[in-house]
Number of protein chains: 2
Amino acid sequence: MRCVRANVGTAECRSEDMPHGLLGNRGLIAIIAQGEIDPLGHPLGAGNRLIVATGPLAGTAVSSAARISVGGKSPLTGGIKEANGGGEAGRALASLDLRAIIVEGLPPRGPDGKAPLRLLVVSEEGAHLEEAGALAGKGTYETAALLRSWYGERAALLIIGPAGEMRLPTAGVFATDPDGQPGRACARGGMGAVMGAKGLKAIVIVPGNHRPKPAQPERFRKAAAEFHRLLRETPQTGKFYREYGTAYSVGALNALGAMPTRNFTVGSFEHADALSGERLRELMLERGGKPVHACMRGCIIQCSNVYVDGTGRPLVSPLEYETLVLMGSNLGIGDPDQIARLNYLANDIGVDTIETGAAIGLLMGEGEVPFGDGATVARLLEEIRRGSAIGRLIGCGAATVGRALGTPRVPVVKGQSFAAHEARAVKGMAITYGMTPMGADHSTGVTFRAKVDHSRPEGQMELSRDTQVRVAAYDALGFCLFVTPAVGPRPEVTVELLNAMYDLSLPPDYITDLGKWVILTERAFNLAAGLGPAHDRLPEFMYTEPLPPTGLVVDIPQEDLDRYWEAEYWGTSADLLSEAAAGSRPTACCGCGRGAEQPDQETTQGRDGCGD
Amino acid sequence: MRCVRANVGTAECRSEDMPHGLLGNRGLIAIIAQGEIDPLGHPLGAGNRLIVATGPLAGTAVSSAARISVGGKSPLTGGIKEANGGGEAGRALASLDLRAIIVEGLPPRGPDGKAPLRLLVVSEEGAHLEEAGALAGKGTYETAALLRSWYGERAALLIIGPAGEMRLPTAGVFATDPDGQPGRACARGGMGAVMGAKGLKAIVIVPGNHRPKPAQPERFRKAAAEFHRLLRETPQTGKFYREYGTAYSVGALNALGAMPTRNFTVGSFEHADALSGERLRELMLERGGKPVHACMRGCIIQCSNVYVDGTGRPLVSPLEYETLVLMGSNLGIGDPDQIARLNYLANDIGVDTIETGAAIGLLMGEGEVPFGDGATVARLLEEIRRGSAIGRLIGCGAATVGRALGTPRVPVVKGQSFAAHEARAVKGMAITYGMTPMGADHSTGVTFRAKVDHSRPEGQMELSRDTQVRVAAYDALGFCLFVTPAVGPRPEVTVELLNAMYDLSLPPDYITDLGKWVILTERAFNLAAGLGPAHDRLPEFMYTEPLPPTGLVVDIPQEDLDRYWEAEYWGTSADLLSEAAAGSRPTACCGCGRGAEQPDQETTQGRDGCGD
């Protein structure tokens, strides 16, 4: 397995072998962070890494296996962060026989104190930095169009907007989809700010001709067929996500009273029907949009969409559940066209719609902006682009806006805002949001489709923990989270893909072991960075303020939380945590059973790693 | 010992016995925080306490023994905070036979969502809340004048400005001096925001007729005479602080290259002479100001001053070293008149000049405002008063401004800005700033007058640690920090005062034991609040960026830091830390040897406490 390592201080870019076996995406970020990032360093400092990674099956014919992850130490949470998205970057990396890009250092500053803005261009000729001052301040859409005109339409792009250039902690990294639209956001945790600190406006990946070859092609073909059969035959992946996209969740969550509305004061929204997957599908079909759309080539699920206005003009692609809530119901906005326009603006400026929506929700909750006033929301987004004081304040995220407003009622964990699943009404989410090393991030373990009573606290800890472990494994293998409803119950199918591809004999348990290893490694990083049990709490108001219409509060028994990190569950890997608490770096690898390797910057070149 | 407990939610105010023996000020805040404040609660939430406390010798004839402390959980650091100041409030409390005021709850909100603004009035008739809507938005000076006209000139006042009403984390609590000027700031850590969250514009203490009587009057008189002799005969207290005020430090620190200048990029300032104590004394004498002024009646040191302009009109009282640096050299401003005007504005708006100066220094360092542009600084302070976005951003303090500017170069520890002693050039201050539970707060242990080589790291840990322990003890007894140069080397003198006053037989070691107990109790609170070793670090740039003109960096050996909390030094009290780390509340009292008492809200009434 190879990666590109680019030092933006020395401008040296080189290709290296990596010793990390099967690890991809979130797993690679965990192990590289563990080996290379000082947990006590500043996220915008020279010691942080911008890590871009894809998975061990990217570039093969397997569906949904080429997510792109961007990670490092988060400017928003101060802990480890992995943000992943779809788009074409994962496949493009694989076509160059690369699994990751690691960016280190800080760009040199000129006599004016300013660092140059550059591109990192990765192609079959290698990797190099190019001057990109002409792109300064440009939105992600214009940047994408220009870069495609310069580097060809096949170039896969990872772009930051003005917010990332300003190194604001709501800034994401935006990947282009097969249409060249930069709407696939690695949104959360401010990795766009880290990219901005590295002085990179974009990473341009010009695809090569490498085609990853399975070690056992026939076995691999069969395994892939079974994997795809499951995706097609499971209703959620084969029908619901496909037809209705992620907005399919509106109905269920609104019915549970778990759709954050008006600054997290209510759990259901009177205009929920207008934002439902069913309604959006109708609208798109009527207007000539695309309710079924693949964010990466070869995906069977195709939960993406191209949302258009009444004249058939595309407004944004995709329009997704989290944005419909955080920039919709949470702001009292029930018009999907208006939300789509806000979504486009947020993408163009390069901010996370979730964090930004939560931040603006606070301004509304404190009476600074009326709920439902989409025009003012658009103006506030433009203030971020301008870099004005109010723009930068919002660009710092919900925790900072809460601080500036002097309110204790701030919907964040570890400094990161909640996403669109109310923790009071779906109690498993209280565990996910609280315990994941990522801050209040839904994508680490969504529980609301489980067949349990979500209003009751019993058993939610176990449900969330198991879900988080499974998701972490699929995240570490480069899969889209959405494959898990179909293949999650059948780990042997995914493991068979890996065994056939890499000539291994991993047992089905590998999935669980890998997921545990990822989370423990991330947790160890966070502990060393100063994020411990005191930071695993939800905000006070969620324990005390009943959420209409259900009247529920977070009431997970403390005993359950105390058991969360119990060694019986996590296995011997739990030693990682005591090692980390004692201040030493844990030693472990991907859990593939071939033995542990410590990453070592001096000697990675040409080293033979586990499982590789 | 008695206190007033005011619940702003129920409007119930009552007087209670307290079981905390000799503890005053910082010690009382530590033990009350430990017993009553959930370390995981929000600083602006109902569970936080605003604790106002004075010392066990307040109201006696002993000099410098009636400081007022304001504390609780800090909105700025998220840890425990004690901020102390001079003024008349300590004596006034003692004249009512009170050692503390504890404010709890949150005010009820009206149908408009707004809480009422009120006064807490404490007098011989008891304590009660009064409506104070007419004072909303008023500066501290006008508020002080109005309250003195309403409650009499003898009323001692603790006031917040507009910044506190907005609950901004740079907001302080401002105490009036004998002239009725609200210039004695309990400035740091945002306790003004906590007072604002409690809905209190001011605490009005109408003095009573209680005169604390020593148990052994003759012994007490002798002890006080010896204490005063030391203050008079020690040059620092008897002459230098008296004649030159705290600006006396300008010469020494500038010579050491340890006077923060231009956003902490340089350690000496070309206009240092214009800001020196010697020069300011000349100016005040020429213009008819007061270079010698007591912030509280009965003080022998009298380091305060009344700084006047060329026409003899008072600009501010006092003008002190920390402000001369943070709003002077750190902003490239070398004109003391201009700094005095900015100081007045900051006091009037109710913000900490240190934190605010560091925040504005960052704007200058990033090129947003030119260094030396005092007019813009004044305008920015007015923006805080207006509550505009830029004003609120600055009002959130240096860490937040650094975040909004996207810079990793932010001079804070635990989210609180450094004061005016550069940690790179006075290495003991690197330990003080890093290890004190208070955030980067100089007043917990100033080391630069010790006869050591401040440029070298050796022995600085021990120097700072011993200094911090001594200071914590004097802080916990209500003394002004400035008595320590005179009486610090003679702990038996202070202990004799306590023994004579309270009929005790404490050994001289009591001072050290008390100081250790205070710090360990604070540390235990912080650990439970999530502030651990990872938060005891200085910002990255201080380890790597040499400070002109000395070229020094922070280079304290890690072994020294690892030994900081060693049990051999802290004694059995170090168990407090392991107890806290294990999640339980430590049990201990003031170290007076009369046994431990746990504060208990239900049963404090009438309870017989240790040493009381």
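In the block above lies the structure referred to throughout.
In this report, we go over the structure that sits alongside the text. The structure displayed is predicted, hence computed values, not measured ones. (Residues numbered from 1 in each chain as written. Chains lettered and ligands numbered in written order. Predicted model: local features only at pLDDT ≥ 70, side-chain atom pairs only at ≥ 80, totals over all residues. Heavy atoms only, no water.)

**As for the interface of chain B and chain A**
Taken together, the contact between chain B and chain A spans 33 residues of the former and 33 residues of the latter. Roughly 2,700 Å² of surface becomes buried between chain B and chain A when both sides are summed, with 52% attributable to carbon and sulfur atoms. When the area that chain B buries against chain A is broken down by residue, the three leading residues are Arg403, Pro408 and Glu540 of chain B, summing to 22%. There are zero salt bridges connecting chain B and chain A. Between chain B and chain A we count 13 residue pairs in polar contact (both at pLDDT 80 or more) in total. Elements supplying a minimum of two residues to the side of chain B that touches chain A: α14 (389-395), α15 (398-405) and α20 (510-529) of chain B. Across the side of chain B that touches chain A, the residue classes break down as 18 nonpolar, eight polar and seven charged. (Contact = heavy atoms within 4.5 Å. Buried area = accessible area lost by both parts, 1.4 Å probe. Salt bridge = Lys/Arg side-chain N within 4 Å of Asp/Glu carboxyl O. Polar contact = N/O pair within 3.5 Å; in protein donor to acceptor, adjacent residues only side chain to side chain. Helix = DSSP H or I, 4+ residues; strand = E, 2+ residues; numbered from the N terminus. Nonpolar A, V, L, I, M, F, W, Y, C, P; charged D, E, K, R; others polar.)

**A word on the nonpolar core**
Generally speaking, nonpolar side chains in soluble globular proteins are found buried as a group. In this structure, Phe479 of chain A together with Phe479 of chain B are the most contacted members of the largest nonpolar core, which totals 300 residues. Once you skip the residues sitting within four places of it in the chain, Phe479 of chain B turns out to touch Leu57, Val62, Ser63, Ser64, Ala65, Arg67, Phe227, Tyr474, Thr494 and Leu497 of chain B. (Core = buried A, V, L, I, M, F, W, Y, C linked by side-chain atoms within 4.5 Å. Buried < 20%, exposed > 50% of the residue type's maximum accessible area, 1.4 Å probe, protein only.)

**A look at unusual backbone geometry**
Residues and elements named next belong to chain B. For the bond from Ser317 to Pro318, the omega torsion is -5°, close enough to zero to count as cis. Note that Pro318 resides in the loop between β15 (314-316) and α10 (321-326). Put simply, Pro548 and Pro549 share a cis peptide bond, and its omega is 0°. Summarising the element assignment, Pro549 is placed in the loop between α21 (540-544) and α22 (558-562).

**Side note on the side chain of Arg99 of chain B**
Residues and elements named next belong to chain B. As for its position among the elements, Arg99 is in the loop between α2 (89-95) and β6 (100-104). Its relative accessible area of 7% is what places Arg99 among the buried residues. Within the structure, the side chain of Arg99 is placed 2.7 Å from the backbone oxygen of Gly21, a separation counted as a polar contact.

**With respect to the sheet that holds strand β5 (residues 80-85) of chain A**
Residues and elements named next belong to chain A. Spatially, the six strands line up as an open sheet ordered β2-β1-β6-β3-β4-β5, and their pairing is mixed. The sheet terminates laterally at β2 (12-17) and β5, the two strands that pair on one side only. The average undirected angle you get between the axes of adjacent strands in this sheet is 20°. One ladder, built from six bridges, connects strand β1 (residues 2-7) with β2; its direction is antiparallel. Directly across from Val4, in β2, lies its bridge partner Ser15. (Pairing = 2+ DSSP bridges. Axes fitted to C-alpha atoms, helices over the stretch in contact; angles between N-to-C directions.)

**A short note on the sheet that holds strand β15 (residues 314-316) of chain A**
Residues and elements named next belong to chain A. One open sheet accounts for three strands, arranged β13-β14-β15; its pairing is antiparallel. Only two strands of the sheet have a single neighbouring strand rather than two, namely β13 (290-293) and β15. Put simply, the sheet's adjacent strands are angled 40° from each other on average, direction ignored. Here two bridges tie β13 to strand β14 (residues 304-308), and the two strands are oriented antiparallel to one another. Considered in β14, the bridge of His293 is made with Ser304. In the packing of helix α9 (residues 277-287) onto the sheet, contacts are made with β13 and β14, and the angle to β14 comes to roughly 60°.

**Section: helix α13 (residues 374-386) of chain A**
Residue and element names in this part refer to chain A. An ideal rise of 1.5 Å per residue puts 18 Å on 13 residues; α13 measures up with 18 Å between its terminal C-alpha atoms. Those residues of α13 hidden inside the fold are in contact with α4 (162-165), α11 (336-349), α12 (353-365) and α14 (389-395). One or two residues past the end of α13 sits Gly387, with phi positive at roughly 75°. (Expected span 1.5 Å × (residues − 1).)

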